[in-house]
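Spelled out from the first residue to the last, the chains are:
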Amino acid sequence: MSLQIENSVALVTGANRGIGKAFVTELLRRGASKIYLGARDPASLGDLVALDPARLVPLKLDVTNAEDVATAAGVAGDVTLLINNAGFAGGQGVVSAPDLAVARQEMEVNYFGVLSLSRAFAPVLAKAPESAIVNILSFLSLVTMPAAGTYSASKAASLAATRSIRAELKAQGTDVVGSMPVQVETDMGRDLPEPRLQPTEVVNDTLDAVEAGREEVFPGELTRNTAAAFADNPKGVQAYMSAMLPA
Ligand SMILES: NC(=O)c1ccc[n+]([C@@H]2O[C@H](COP(=O)([O-])OP(=O)(O)OC[C@H]3O[C@@H](n4cnc5c(N)ncnc54)[C@H](OP(=O)(O)O)[C@@H]3O)[C@@H](O)[C@H]2O)c1
């Protein structure tokens with residue numbers, strides 16, 4: 001039996017905006033009993049907690065801060081669903097970037113952040129009869145876009161880690177779901193080519209995948225069409241993406 005959202009206890013990283021915020025509203029709608037809202041600055045959660053103060057718990061959580069992560073795992077010791085959503089994209093090329101600062105931050109958030117949260121919460125999730133981790137990856141986990149070359153690398157690393165985490169946590173009964181959307185209408189995605197997915201499409205298809213016990217999901221019709229094209233002609237899709245060079 002896979003985790004069902006109704007009566008689950010979720011933690012969403014990067015809950016204050018974009019896809020993370022959409023996760024919070026949909027988890028509420030599907031009957032999660034409690035949702036921890038991770039945000040670097042809890043003040044940025046604004047009116048979100050007021051939607052349902054009995055079920056929404058703000059949590060100061062910078063996923064790159066080891067102390068924040070350890071504190072979160074202590075405070076949120078009843079979590080059954082960890083959603084690693086927080087992400088950073090600096091929009092830089094591999095060679096043309098002025099230095100490695102953005103590349104390192106992308107790895108810190110998108111790769112080490114996922115590792116850190118997954119490691120801290122594995123014992124918490126082990127206590128529940130049904131539990132799951134969701135990692136919000138990207139279609140760029142599979143193909144690289146040179147205009148966001150270092151981000152693509154961080155998401156590829158995160159996909160590899162996701163598959164290892166899944167294998168390691170299988171014995172304790174924690175499902176691990178990787179979600180790989182194409183461009184989404186958020187602060188991060190708004191300069192990417194149209195059409196773009198709505199955050200709710202990502203959230204709905206990803207939560208459906210959790211409930212169905214699926215390992216990987218291409219959320220939204222736009223992503224599914226891209227995934228079909230990639231399955232048919234991976235080199236062709238990579239060649240198309242390779243034309244998107246840094247400015
Ligand atoms: N938008 C797209 O086109 C797209 C496509 C595929 C995958 N994704 C992935 O989807 C996820 C959500 O992205 P989004 O589109 O919603 O982007 P967004 O609107 O830019 O939101 C990013 C979120 O991540 C948080 N964050 C960044 N660094 C953090 C850190 N060190 N610790 C904790 N939180 C941190 C941000 O918090 P602050 O407000 O404090 O900065 C914000 O809440 C990311 O993993 C992203 O890579 C996005």
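Here goes a summary of the coordinates provided. These numbers were taken from a predicted model, which means no experiment stands behind them. (Residues numbered from 1 in each chain as written. Predicted model: local features only at pLDDT ≥ 70, side-chain atom pairs only at ≥ 80, totals over all residues. Heavy atoms only, no water.)

## Here's the deal with the environment of T186
Then, number 1: As for its position among the elements, T186 is in the loop between β6 (174-179) and α5 (199-212).
Then, number 2: Along the chain, T186 and Q198 lie 12 residues apart, while their C-alpha atoms are 8.1 Å from each other.
Then, number 3: If sequence neighbours within four positions are ignored, T186 has contacts with G18, I19 and P199. (Helix = DSSP H or I, 4+ residues; strand = E, 2+ residues; numbered from the N terminus. Contact = heavy atoms within 4.5 Å.)

## A word on the pattern of salt bridges
Then, number 1: Using the criterion set out here, one finds 15 salt bridges in the structure.
Then, number 2: Here R163 and E216 are joined by a salt bridge, their closest N and O atoms 2.8 Å apart. Pair noted here: R163 is in helix α4 (residues 149-169) and E216 is in strand β7 (residues 216-217), with a separation of 53 residues, a long-range link.
Then, number 3: Taking the relative accessible area as the measure of exposure, R163 reaches 41% and is therefore partly exposed.
Then, number 4: Note on E216: relative accessible area 25%, which makes it partly exposed.
Then, number 5: Sharing partners across several salt bridges, the network here consists of E26, R29, R30, D208 and E211. (Salt bridge = Lys/Arg side-chain N within 4 Å of Asp/Glu carboxyl O. Buried < 20%, exposed > 50% of the residue type's maximum accessible area, 1.4 Å probe, protein only.)

## Quick notes on the site of the ligand
Then, number 1: Among the 28 residues in the neighbourhood of the ligand, the closest are listed as N16, R17, R40, Y151 and T186.
Then, number 2: Here G14 contributes a backbone N or O atom positioned 3.3 Å from an oxygen atom of the ligand.
Then, number 3: At 2.6 Å from an oxygen atom of the ligand is found a side-chain nitrogen or oxygen belonging to T186.
Then, number 4: Contact with the protein chains removes 94% of the 890 Å² of surface that the ligand exposes when unbound.
Then, number 5: Put simply, the parts of the chain that give the shell around the ligand at least two residues each are α1 (18-29) and α4.
Then, number 6: Its residues assigned to classes, the shell around the ligand shows 13 nonpolar, 10 polar and five charged. (Near = heavy atom within 4 Å. Polar contact = N/O pair within 3.5 Å; in protein donor to acceptor, adjacent residues only side chain to side chain. Areas by Shrake-Rupley, 256 points an atom, 1.4 Å probe, with all protein chains shown as cover. Nonpolar A, V, L, I, M, F, W, Y, C, P; charged D, E, K, R; others polar.)

## Let's talk about the side chain of Q92
Then, number 1: Among the secondary structure elements, Q92 is positioned in the loop between β4 (81-84) and α3 (101-126).
Then, number 2: Contact partners of Q92, with chain neighbours within four places excluded, come to A97, P98, D99, V102, P146, A147, A148, G149 and T150.

## Digging into unusual backbone geometry
Then, number 1: For the bond from E194 to P195, the omega torsion is -5°, close enough to zero to count as cis.
Then, number 2: You can see P195 is positioned in the loop between β6 and α5.
Then, number 3: One non-glycine residue, N7, lies in the positive phi region at around 70°.
Then, number 4: Mapped onto the elements, N7 comes out in the segment before β1 (9-12).
Then, number 5: For N7, a relative accessible area of 59% translates into the label exposed.

## Observations concerning the environment of S152
Then, number 1: Along the chain, S152 falls in helix α4.
Then, number 2: Residues S152 and Q92, spaced 60 residues apart in sequence, show a C-alpha to C-alpha distance of 10.0 Å.
Then, number 3: Discounting residues that sit within four places of it in the chain, S152 has contacts with L140, V143, T144 and M145.
Then, number 4: At a separation of 2.9 Å, a polar atom in the side chain of S152 contacts the main-chain carbonyl oxygen of A148.

## What about the packing of aromatic side chains?
Then, number 1: Within this structure, the stated rule accounts for three aromatic pairs.
Then, number 2: Both rings, one in Y111 and one in F112, keep their centres 4.9 Å apart while their planes meet at 65°; by these two values the pair is edge-to-face.
Then, number 3: For Y111, a relative accessible area of 22% puts it in the partly exposed group.
Then, number 4: Aromatic pair F139 and F230: ring centres 5.8 Å apart, planes at 85°, arrangement edge-to-face. On the criterion of sequence distance, the pair formed by F139 in the loop between β5 (131-136) and α4 and F230 in helix α6 (residues 221-232) is long-range, its members being 91 residues apart. Accessibility assignment for this pair places F139 and F230 in one class, buried. (Phe/Tyr/Trp six-rings, centres within 6.5 Å; stacked < 30°, edge-to-face > 60°.)

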